[in-house]
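If you want the building blocks of each chain, they are given just below.
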Amino acid sequence: MTIEQLNKANEIKNKIDTLKEFQMVLNAGIISCVTYELKPYSDKVEPKIAHLDIHDNRNISDVIGGYVTGRIAELEKQLEEL
C-alpha cells in the first residue's frame, strides 16, 4: 500500500466513522441542527439550535437511515478495494 492509498483509506475510514456516529444518534430519536449567526455590528456569533423528534416522523427516519446505511456500505466497499 502506498502513502497515497493509506491517506485515501484513512479519509474513507473517517467518513465511515462519522456516518456510524450519526446513525447512532439517528437511532436515539432526535436530530439537532446547529446554525451560527454573526450578529451585525459585533464580533459575536450566536448559535441557534433546532430539534426534530424523528419518532413522530417515521418516514423521515427511514429515508435518512436508508441513505446512511447505503453510504456506509459504499464506503466500506471502496475501502476494501484499496
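Below is a short write-up of the structure. The written sequence of each chain sets the order in which its residues are numbered from 1. Reporting in this predicted model follows two pLDDT cut-offs: at least 70 for local features of residues, and 80 or more for side-chain atom pairs to be given and counted; totals over whole chains, interfaces and linings ignore these cut-offs and use all residues. Hydrogen atoms and water are omitted, and side-chain values are computed over all heavy atoms in the structure.

Focus on the nonpolar core
For step 1, the next point in the chain: We define the nonpolar core as a collection of buried residues of types Ala, Val, Leu, Ile, Met, Phe, Trp, Tyr and Cys that are connected through side-chain atoms lying within 4.5 Å of one another. Residue exposure (1.4 Å probe, protein chains only): buried if accessible area is under 20% of the type maximum, exposed if over 50%, otherwise partly exposed. Core analysis: the largest hydrophobic core is formed by six residues, namely Ile12, Ile16, Leu19, Val68, Ile72 and Leu75.
For step 2, the next point in the chain: In this analysis, two residues are considered to be in contact whenever any of their non-hydrogen atoms come within 4.5 Å of each other. When sequence neighbours within four positions are dropped, the list of residues in contact with Leu19 reads Val68, Arg71, Ile72 and Leu75.

Examining the environment of Asp17
For step 1, the next point in the chain: The way it works is that DSSP assigns letters per residue, a run of H or I at least four long becomes a helix, a run of E at least two long becomes a strand, and they are numbered from the N terminus. Counting through the fold element by element, Asp17 comes out in helix H1 (residues 3–28).
For step 2, the next point in the chain: For the pair Asp17 and Ile72, spaced 55 residues apart in sequence, the C-alpha separation works out to 8.9 Å.

A short note on the pairing of strand E2 (residues 45–53)
For step 1, the next point in the chain: Any two strands between which DSSP finds at least two bridges are classified as paired. Bridging between strand E1 (residues 30–38) and E2 involves nine bridges; their strand directions are antiparallel. Bridge assignment links Ser32 to a residue of E2, and that residue is His51.
For step 2, the next point in the chain: Here E1 hands over to E2 after six residues, with Tyr41 in that stretch at a positive phi of 65°.

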